[in-house]
Amino acid sequence: MTKKTSPRKKLEGKILARDNFARFEEANSSKHKDFIKRAIRNNKYYAGEQWKKEDKARLDGEGRPALTLNMILSTVNAIIGEQLERKVEVTYRPRDYGDEQTAFALNTITKTILDACNFDDVEEDVFADGLITGRGYFDVRMSFERNLQGEVVVTHEDPVDIIPDSEAKSADPATWNEVFISRWLTPDEIGATYGWDKAEELEGLVDSGMVGSVENFEYFEQTFGGERRPQQDEADSRELRRIRVIERQHYRVDDQYFFADLTTGALRPVPYGSKKEEAEAFAEKYGLEVIKRKGRRVRMTVTADDVVLDDDWSIYRSFTIVPFFPYFRRGNPFGPVDNLIDPQNLLNKTSSQELHIVNTTANSGWVIQEDSLVDMDAEDLEERGAETGLVLQYKRGYEKPDKIQPNQIPTGIDRISQKAASTIREISAVNSSMLGTSRADQSGRAQEAAISRGQIQVSVVVGNLKRARRSVGRKILELVQDFYTETRYFNNTGSSIMQGEERTEQIGINMPQDDGNILNDVTVGDYAVEVGFKAAGGTMADQELEEALRLREMGVAIPDHVVVQHSNLNKRGEIAEFLKNSQGFGEPTEEQAALEELQVEHQINMLRKELEKMDADIGVALATAKEKMAKANSLEGFNEAQMELKRLEQERETKQQELSLRIALAARGHQNQNSMNDKRISSQIAMKSMDLAYNAENNSNTDKNNKKGD
């Protein structure tokens, strides 16, 4: 049953919807329409469509070439390659009320979220948008489609659909007052997302012809099917296909509750939807206070023409949009392609002109007397006059045909095209070494220096990408702390260097303990976001192999199996396992452990025998010293005996210390071995119990199904 809306609420909704559309139009008309034109032009240049249709038609009509030497494509791809070699790695460091263990759990959660969202592919699209159009956007919000508890998703938005605050002067969205997201949705999509009554209301507006603006029902978007045009026929124009949906996220000052730390003065808004009693209980548990004060809150208003689809306080503390601007200066974002348009046009025009001159030089024309040629007329000569080895026969008494001398090629015209190509390299900072097209006679050291200098200039773009990554990390942290309030478990997969194998462990968050504390409570604490990068693909393994070999040359005792497992050998796992076991890094078998224990016992017994022999020698030396002291006429003989006795006592003390150390190490090793055996046996018992329980449950279900079938 469709819920009816009172006429007063409909009027208020219509006023709100028109106000939302008016604000959208104001933001769209300021700079965004110019940006859309620039973005369409830059995308065409990147794809190789670099001539205006009328210019190309005119040149084709005159028989002149219109070349496209697309250096923008290779330049942009080289910068994208720099991004592909720097995969994101987000880590959190504890600050106020944070701890290392929870920070490690947050790192695991973030890695899981980014992997689930295919963040590398999303970031590549955003980065390419930024380079080509000057703007790229992430959208980070909660999704409840696959998980009832909700999960963080990171998606890529078309920069044409995002309209930032027209009065903003900073690239940080926290300083913006509003941001618009314009989408084209079908009635079914609107009904499934915002309610079927909203879709019916929009269809009623179209049927009655009482739409607020015809522009909200037109379709002008680039798709795989090409560019679609709005229907001109009035009857067909009312056939509802897609509707423009405007989502406006904006800050408003309103009363809200905050968690306050009276010691440090830190404030944090209470998550939207939390009851006051829940907030007070939470504050009491962590020694905080709940206060009410004015603050900025995000409100989300979603409209479609004159219909309000949603208007309420946002469940998020900040905007869901995270921008990436390759270059940003006082409210003016732009990308590398914007500054390459003119040099690219110059290269295309000069190259086309060079080819035209060469073509006209090869066939400049002939001067002949009328009817002077044999077996050929003027039309045939015009068509075949530029052929190689052409033989002309002319009639006796007529002047011989004379080839028209072509105009000389203007001096320096070839240098203009070369200058245009070099200008593109200089402006973009992508030199020939970065493209892999440097001279063959250039030394490797010179190429490395050129690549390094190019990367330094490109680092401005990469630095702004790092800023966007950090903003994504902060947004993920905000959503995790606000929405991941239940006990959840995440798998953390990593490789053990010494064991030479990959291990997966389960990390839990918000786990209640017997003492009343909560382990890995991600809902509290302040954490700093650090963004690093790791090499992509197999490059990281190669770099780690080179680094390991370099450290071994410096004297660092890196085990052989660690070096092998980072190599490219087909059976490196088996070789690393063999080296690990043969060199004593692997887990010993029961026979090996027993043999090692016997060896240790043998060594201890040998040391004890050496001590007994040394005690006997000391007794003999002491008796000899006393005898010499009684017979000696001087102290010389006694001193010699005394020095020998002291030497033997020092050797005995050394042997005694070695024996004690051996016994302690043997006891420690035996204790560790017993502990590992206990853990291994406990794990085997647990796995066996799980298998038995699983089989019992399956058998029970099978019996039930069989009974139902009978």
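Please read these numbers as outputs of a predicted model, since none were measured by experiment.

Caption draft 1: Focus on the pattern of salt bridges. Going through the model one piece at a time under the given rule, you end up with 23 salt bridges. Here Glu151 makes a salt bridge to Arg146, at a shortest N to O gap of 2.9 Å. A relative accessible area of 16% places Glu151 in the buried class. For Arg146, a relative accessible area of 63% translates into the label exposed.

Caption draft 2: Expanded view of the sheet that holds strand β12 (residues 321-324). With antiparallel pairing, the three strands of this open sheet are ordered in space as β3-β2-β12. Taken across any chain shown, the strands that pair with only one partner, and hence form the sheet edges, are β3 (151-157) and β12. Put simply, the sheet's adjacent strands are angled 25° from each other on average, direction ignored. As judged from the four bridges shared by strand β2 (residues 136-143) and β12, these two strands associate in the antiparallel manner.

Caption draft 3: Here's a closer look at the packing of aromatic side chains. Summed over all chains, the structure comprises eleven aromatic pairs. Relative to Phe319, the ring of Tyr251 lies with its centre 4.7 Å away and its plane at 40°, an arrangement referred to as tilted. With Tyr251 in strand β8 (residues 243-260) and Phe319 in the loop between β11 (307-313) and β12, this pair connects stretches of sequence that are 68 residues apart. An identical accessibility class is assigned to Tyr251 and Phe319; each is buried. Against the face of Phe35 rests Arg135, its NZ or CZ located 4.1 Å from the ring centre. If you follow Arg299 out to its NZ or CZ, it ends over the ring of Trp313, 4.8 Å from the centre.

Caption draft 4: Spotlight on the confidence of the model for the protein. Chain-level pLDDT for the protein is 79 on average; 74% of the residues reach the 70-or-more range. Taken as a whole, residues 230-238 scores under 50 in pLDDT and shows ten contacts with residues more than four places along the chain or in a different chain. Across residues 705-709, where pLDDT falls below 50, the model places zero contacts with residues more than four positions away in sequence or in other chains.

Caption draft 5: Representation of the nonpolar core within the structure. Among the nonpolar cores identified, the biggest contains 72 residues, and Phe138, Val140, Val152, Ile476, Val480 and Tyr484 are the most heavily contacted of them. Dropping the residues within four chain positions of it, Tyr484 is found in contact with Ile109, Ile113, Met142, Gly150, Glu151, Val152, Leu479, Phe490, Ile509, Asn510, Val522 and Thr523. In terms of nonpolar packing, the next biggest core, distinct from the first, is built from twelve residues, Ile162, Val179, Ile181 and Phe319 among them.

Caption draft 6: Spotlight on unusual backbone geometry. Phi is positive for Asp305, which is not a glycine, with a value near 55°. Mapped onto the fold, Asp305 is located in the loop between β10 (289-304) and β11. Look at Asp305 and you get buried, because its relative accessible area is 4%. For Asp371, which is not glycine, the phi torsion reads 60° and is therefore positive. Along the chain, Asp371 falls in the loop between β15 (366-367) and α11 (378-384).

Caption draft 7: Here's a closer look at a negative patch on the surface. A cluster of acidic residues, Asp188, Glu189, Glu200, Glu203 and Asp207, forms a negative patch at the surface. Among the secondary structure elements, those contributing two or more residues to the negative patch are α6 (187-194) and α7 (196-208). With three residues, α7 is the largest single contributor of residues to the negative patch. With respect to the helices and strands, Glu203 occurs in helix α7.

Calculation notes
Residues numbered from 1 in each chain as written. Predicted model: local features only at pLDDT ≥ 70, side-chain atom pairs only at ≥ 80, totals over all residues. Heavy atoms only, no water. Salt bridge = Lys/Arg side-chain N within 4 Å of Asp/Glu carboxyl O. Buried < 20%, exposed > 50% of the residue type's maximum accessible area, 1.4 Å probe, protein only. Pairing = 2+ DSSP bridges. Helix = DSSP H or I, 4+ residues; strand = E, 2+ residues; numbered from the N terminus. Axes fitted to C-alpha atoms, helices over the stretch in contact; angles between N-to-C directions. Phe/Tyr/Trp six-rings, centres within 6.5 Å; stacked < 30°, edge-to-face > 60°. Lys NZ or Arg CZ within 6 Å of the ring centre and 35° of its normal. pLDDT = per-residue confidence, 0-100. Contact = heavy atoms within 4.5 Å. Core = buried A, V, L, I, M, F, W, Y, C linked by side-chain atoms within 4.5 Å. Patch = residues over 30% accessible without salt bridge, like charges linked within 9 Å, V, L, I, M, F, W, Y side chains within 5 Å. Areas by Shrake-Rupley, 256 points an atom, 1.4 Å probe, with all protein chains shown as cover. Lys, Arg positive; Asp, Glu negative; His and termini not counted. Charge placed at Lys NZ, Arg CZ, Asp CG, Glu CD.

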